Amino acid sequence: MRLRSSVFASSCLLVQALGVALFLRGFFPVPVRSVPRREARADPPAEPAPPGPGMVSNWTKIPPPLFKKIVIVLIDALRDDFVFGFKGKQFMPYTTQVVEKGTSYSFIAEAKPPTVTMPRVKALMTGSIPGFIDVVVNLNSPALLDDNLIWQAKTAGKRIIFYGDDTWVKLFPKHFVEYDGTTSFFVSDFTEVDDNVTRHLDRVLKREDWDLLILHYLGLDHIGHMTGPNSPLVGPKLREMDNILKKIHISLLSKEEASLPNLLVVCGDHGMSETGSHGGSSEGEVHTPLLFISSAFEKRSDPGYEHFKIAEKSHGNWIKLYLEGNNSEILLNLGKKVLKQYLEALKTLSSSLSKQVAQYDMYSMMVGTVIIMEVLLLLLLSVPKALSKRAEFEVPLSSPLFSLLFYLMCLMLCAVHVIVCTSAESLCYFCSMSWLTAVGVMMLISALMCGILSAVAKIFENSRLPPKNPIVSSSNWSEIDVLILAGTIGHVLSLGASSFIEEEHQTWYFLINTLCLVLCQELCRNNFLLKECEPQHSTNVRRNSDSTGETSESKNIDIPTASNSKLGKATSSSEFIKGSDKWISLATPWIILTCCRLLRSLNQTGVQWAHRPDFGHWLTSSDHKSELSFLAAVSLLMIFFLVQRRCSLVSKIAMALGLLGVYSYRAAIGNVIFPWQHGGKDISKGITEARFVYVFVLGIVFTGTKDLLKSQVISADSSMKSTGLWEVYSGLVLLAALLFRPHNLPVLVFCLLIQTMMTKYIWIPLKFDAAQITIMHYWFGQAFFYFQGNSNGIASVDISAGFVGLDSYVELPAIFLTAFATYAGPFLWAIHLLCCLSSEVSRAITITASSKLWHEKSCADLSVFSASIQRGRGSAATKSRNSAAVGHGCFCYALMRSIPIAIYVVLVTGLRYHLFIWSVFSPKLLYEGVHVFITAAVCLFFTAMDQNHSYKVQD
């Protein structure tokens, strides 16, 4: 079966996405519960399982209660310095007074990553370390089946009331006698989400028909997501929380009995980073306050606390004797005693905290890894044919699928599956699948292996044949090719070190800066060093090109030219870089370097220096709202001028109105100001303004899609196709402008500016092939992912983007908008690549379909195509090669995504017991997995736009 390169690449990437999904499901631990094997495959129980056979409780009777009523107030994203620091003294005076008075025990609790709400609630209620998979299912919390405090309280007959984040209702669906849940994901709501909790408070505190009251306040977390921890909105919210705590504490004190006091617990599920987000392991995210407030602490001390005080006193005595110069046996014995106490305490704590509550599903991981690696090998073996001039190749499906080897492999893999699933001690996700699905996966693995063996046999067979054109020498590698290969390999190898993952942005910044310097060298060579040699070689180039072209036409085979590729580029490029354009072209790499340096100063990212102030922090402070407003307005104007040049008149008007709506939305929510706006204007949610922009986004994308359908179905009009693609791209730019925070709009401006300059002054004049252009787009897309302020930590995900224009939480739009805002950089560069490769070439230049990167001998040199243009055959050749370039771009883009994910799953499997597996390697694995899914969608779009089948290639 003959396949185009784009179809083959998209199919491979979809299969690889399946392998990635299976690997992720096996890698992230699944909680292990005390459920007998016979019940392992049954439906999960509604409540935690009772102790198994032979397990007897240590209690002969239920111990007497220490408190009559308990109130747990969980303030989402409450950092420790919000209570114990300057903000606490300023905005929470009552709580600070209670802490300093001594009627409470106060601690700084350390939350383990992932520091997101659902796993932290599970950790607080179960006393266990949460599984990292909980960050994935955070949006749809399943019922908690592990032993937990809520279930124990209900079993003991306690009446529990809950108000707040509906995550609790999902975790404990049948445990509360009364509850009122509020959605936790609509982050633009600062007031109503807390008012819905507080409105029940007066009534409940007067009642006596409850034993445990749980309140989960979300407003502080929402403020952090939208405006950060230093926002002027944080102080009033902390003061509101302090008043609520005061009301609860006074009410509990007024109803206390002499023998049975009440208890107020104040805590945070996690903190927030300096940008207001959470999910990672920075100090601000993991340190939270934990307060136990009760009058009981005035009357008697906790036994554990007394034990600690005794150990502390012994340590003090040892230090005193040591300072006095005592070297007797008493000092030695006392030191050993103190050391033993500390070591035993540390051992107990370390054992309890490090106890594994989950395990890796190694079988699912291995199956996923095999699929991923097979796809990568198949892509690598298919490079010569996939990047050939035809951009298509024959896939021998019949011989592998009906061969004896295929059936033997299927039988062997099915036998292995039966053995593993019947002998495995732990639960396995892949084993829980239906047998039909499992057999289908085994057949897929066998088919991929047969395809790999067939490709290898084909390569050996071709290597034994005599060359078709013995006069042709192998093409030379340019500096660009060497840099691309070395950069790709170096980046992949760096993924094995935690420090390189934490600071991966530095790798991409280095690569694009080096790329700009190499491009500068290439431009200087073409404009100065080879200029003198141009006249004497141009005749030979044309003669060789003509002869090669005639031979190709007569024999209908791919024959590369014998002329020097660099010289051919220099000869043809000099015709297009003239006058002022020449100097602009020479200045382009330095302009791009300047833009990249400015972008690095806008957002600090990574881990080591993320806390340092940057230009973005300066802009988002309340003292510089006028400067931020001016910058946002200028950025939106620049976006319009850079995008509108290739849009239709209707799209230009829609773009202008949409960008005006973007500024109005940001003004409505208080990020920027209008010149005539007064400071006292009330801040709204901006729902109307955001939806106003969505209308224009959909309108522009619909207009572009209509043109694309016309060019694909009705008439093969390349100009209409180019316009349609650009309008779709423009609509996505408008959506990004809406979702980006105002201080990040310059990132979008520089993205468009660099794309424009690279296309006009570098890629076209230097005649880079599709593979080189694709990899450059990929590199810049990765760099702009970090220019946005993203990192490999979950805390940098701006979830507020998922709720722009929504008045309530809607899962699918929220997920799409959050993913688009996070991966806007790579996504926009990928779509621009498609626009670049699909554009109609009307300037006597086309992007060639060869790939020197992979040293392919079957591709014709650029000078052949240049000579064919001069002989009047440029129109047909332009169409065929332009169409082939789209297939080449799709294939290279899929390959560039397959290489890092394939190597990384192997690395992370070997490092699964590393100290930083949950804080560094696991978040990176999630980012890589999501990137694979997004790239698969992009490649499908490439395939839909690949019109190689519409044109007959003239070889």
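Just so we're clear, the structure is a prediction, and the values are computed from it rather than from any experiment.

A. The arrangement of the overall build of the protein in detail. The helix and strand tally for the protein stands at 39 helices and eleven strands. In the protein, the proportion of contacts linking residues at least 24 apart, taken out of those at least 6 apart, comes to 80%. A total of about 42,900 Å² of accessible surface is found on the protein, and carbon and sulfur atoms cover 63% of it.

B. Region of the structure containing a nonpolar patch on the surface. A contiguous nonpolar patch, built from Trp477, Val482, Leu485, Ile489 and Leu493 and spanning about 450 Å² of accessible area, is present on the exposed surface. Residue position: Val482 is located in helix H22 (residues 479–494).

C. Fine view of the pairing of strand S9 (residues 287–293). By the bridge criterion, seven bridges tie strand S4 (residues 104–110) to S9 in an arrangement that is antiparallel. Along S9, the bridge assignment pairs Ala109 with Thr288. Pairing of strand S8 (residues 263–267) with S9, which is carried by four bridges, proceeds in the antiparallel orientation. Within the sheet, the bridge partner assigned to Leu264 lies in S9 and is Ile293.

D. Representation of the environment of Glu208 within the structure. Relative to the assigned elements, Glu208 resides in the loop between helix H9 (201–206) and strand S7 (212–217). Remark: the alpha-carbon pair of Glu208 and Lys255, spanning 47 residues in sequence, is separated by 9.7 Å. Other than its neighbours up to four places away in sequence, Glu208 contacts Lys68, Lys69, Arg159 and Lys255.

E. Main features of the nonpolar core. Core analysis: the biggest nonpolar cluster contains 208 residues, and Ile248, Ile639, Trp779 and Phe780 have the highest contact counts within it. No other element matches helix H38 (residues 874–910), which puts 15 residues into this core. Once you skip the residues sitting within four places of it in the chain, Ile248 turns out to touch Val71, Val73, Leu201, Leu205, Leu215 and Leu264. The next biggest cluster of nonpolar side chains, apart from the first, holds 24 residues, and it includes Met118, Val121, Leu212 and Ile214.

F. Spatial organisation of the pattern of salt bridges. Enumeration over the complete set of coordinates arrives at 21 salt bridges. Asp194 is the salt-bridge partner of Lys237, the closest N and O atoms lying 2.8 Å from each other. You can see Lys237 sitting in helix H11 (residues 234–254) and its partner Asp194 sitting in helix H8 (residues 192–198), a full 43 residues away along the chain. Each of the two residues, Lys237 as well as Asp194, counts as buried.

G. Highlighting the side chain of Lys69. Note on placement: Lys69 falls in the loop between strand S2 (30–31) and strand S3 (70–75). Overall, the relative accessible area of 5% leaves Lys69 in the buried class. Sequence-distant contacts of Lys69, defined by excluding residues within four places in its chain, comprise Arg207, Glu208, Trp210, Asp211, Pro261, Asn262 and Leu263.

H. Up close: the state of the cysteines. Summed over the entire model, instances satisfying the criterion amount to one disulfide. A disulfide bridge connects Cys421 with Cys431, and the sulfur atoms are separated by 2.0 Å. Taking the sign of the torsion about the S-S bond as the criterion, the disulfide between Cys421 and Cys431, at about -85°, is left-handed. In this pair, Cys421 is assigned in helix H19 (residues 404–423) and Cys431 in helix H20 (residues 429–432), connecting sequence segments ten residues apart. For the pair Cys421 and Cys431, a shared accessibility class is recorded, and that class is buried. Looking at Cys939, it has no disulfide partner, and the nearest cysteine sulfur is the one in Cys890, 4.0 Å off. When its relative accessible area of 0% is taken as the criterion, Cys939 is described as buried.

I. Up close: helix H31 (residues 687–714). Across its 28 residues, H31 extends 39 Å between first and last C-alpha, which sits within 8% of the 40 Å expected from 1.5 Å per residue. Residues of H31 that are buried: Ile687, Ala690, Val693, Tyr694, Phe696, Val697, Ile700, Thr703, Gly704, Asp707, Leu708 and Ser711.

J. Region of interest: the confidence of the model for the protein. Summarising the model, the protein shows a mean pLDDT of 79, and 77% of its residues fall at 70 or more. Mean pLDDT values for the elements of the protein range from 35 in helix H37 (residues 862–870) up to 94 in helix H34 (residues 770–787). In this model residues 532–576 is a low-confidence stretch, pLDDT under 50, and it forms 75 contacts with partners more than four residues away in sequence or in other chains. Considering only residues more than four positions removed or in separate chains, one finds that residues 948–955, a stretch of pLDDT under 50, has 21 contacts.

K. Quick peek at the environment of Ala438. Relative to the helices and strands, Ala438 is located in helix H21 (residues 435–464). Relative accessible area serves as the criterion here: at 1%, Ala438 is assigned to the buried category. In sequence terms Ala438 and His417 are 21 residues apart; their C-alpha atoms lie 8.3 Å from each other. Aside from chain neighbours lying at most four places away, what touches Ala438 is His417 and Phe430.

L. How the structure looks around the packing of helix H16 (residues 362–381) against H21. Taken N-terminus to C-terminus, the directions of H16 and H21 make an angle of 30°; their axes are 10 Å apart at the nearest point. Looking at the two axes, H16 sits roughly parallel to H21. In the packing of H16 onto H21, the handedness of the crossing is left-handed. Seen from H16, the contacting residues are Tyr363, Val367, Val370, Ile371, Glu374, Val375, Leu377, Leu378 and Leu381; seen from H21, they are Val441, Met442, Ile445, Leu448, Met449, Gly451, Ile452, Ala455, Val456 and Ile459.

M. Broad picture of the sheet that holds S8. With mixed pairing, seven strands are arranged side by side in an open sheet as S4-S9-S8-S3-S7-S5-S6. Strands with a single pairing partner mark the edges of an open sheet, and in this sheet they are S4 and strand S6 (178–182). In this sheet, neighbouring strand axes are inclined to one another by 10° on average, regardless of whether the strands run parallel or antiparallel. Where strand S5 (residues 160–165) and S7 come together, five bridges link them in parallel fashion. Following the sheet pairing, Phe162 is matched in S7 by Ile214.

N. Quick peek at unusual backbone geometry. Backbone geometry places Ala77, a non-glycine residue, at a positive phi of 65°. Here Ala77 lies in the loop between S3 and helix H2 (81–84). Residue class for Ala77 comes out buried when judged on its relative accessible area of 0%. Positive phi, close to 55°, is recorded for Lys767, a residue that is not glycine. Following the sequence through the fold, Lys767 ends up in the loop between helix H33 (745–766) and H34.

O. Representation of the packing of helix H32 (residues 718–739) against H33 within the structure. Where H32 meets H33, the axes come as close as 10 Å, and the angle between the chain directions of the two elements is 155°. Comparing the axis directions of H32 and H33 gives the class roughly antiparallel. Residues Tyr729, Val733, Ala736 and Ala737 of H32 lie in contact with H33, whose contacting residues are Leu745, Leu748, Leu752 and Gln755. Classifying every residue of the contact of H32 with H33 gives seven nonpolar, one polar and no charged.

P. How the structure looks around the packing of aromatic side chains. Per the stated rule, a full pass over the model turns up 32 aromatic pairs. Linked through ring pairs, Phe23, Phe27, Phe28, Tyr360 and Trp918 together constitute an aromatic cluster. Over the ring of Trp583 we find Lys582; its NZ or CZ atom is 5.3 Å from the centre of that ring. Between Arg646 and the ring centre of Trp726, over which it is positioned, the NZ or CZ distance is 4.7 Å.

Q. Examining the environment of Ser629 more closely. Relative to the helices and strands, Ser629 is located in helix H29 (residues 625–643). Considering only alpha carbons, one finds Ser629 and Phe674, 45 residues apart in sequence, at a separation of 7.7 Å. The contacts of Ser629, once residues within four sequence positions are left out, are Tyr663, Val672 and Ile673. Within the structure, the side chain of Ser629 is placed 2.7 Å from the backbone oxygen of Lys625, a separation counted as a polar contact.

What counts and how
- Residues numbered from 1 in each chain as written.
- Predicted model: local features only at pLDDT ≥ 70, side-chain atom pairs only at ≥ 80, totals over all residues.
- Heavy atoms only, no water.
- Helix = DSSP H or I, 4+ residues; strand = E, 2+ residues; numbered from the N terminus.
- Contact = heavy atoms within 4.5 Å.
- Areas by Shrake-Rupley, 256 points an atom, 1.4 Å probe, with all protein chains shown as cover.
- Patch = residues over 30% accessible without salt bridge, like charges linked within 9 Å, V, L, I, M, F, W, Y side chains within 5 Å.
- Salt bridge = Lys/Arg side-chain N within 4 Å of Asp/Glu carboxyl O.
- Pairing = 2+ DSSP bridges.
- Core = buried A, V, L, I, M, F, W, Y, C linked by side-chain atoms within 4.5 Å.
- Buried < 20%, exposed > 50% of the residue type's maximum accessible area, 1.4 Å probe, protein only.
- Disulfide = S-S within 2.5 Å.
- Expected span 1.5 Å × (residues − 1).
- pLDDT = per-residue confidence, 0-100.
- Axes fitted to C-alpha atoms, helices over the stretch in contact; angles between N-to-C directions.
- Parallel < 35°, antiparallel > 145°, perpendicular 65-115°, else oblique.
- Left-handed = near helix turned anticlockwise from the far one by under 90°.
- Nonpolar A, V, L, I, M, F, W, Y, C, P; charged D, E, K, R; others polar.
- Phe/Tyr/Trp six-rings, centres within 6.5 Å; stacked < 30°, edge-to-face > 60°.
- Lys NZ or Arg CZ within 6 Å of the ring centre and 35° of its normal.
- Polar contact = N/O pair within 3.5 Å; in protein donor to acceptor, adjacent residues only side chain to side chain.

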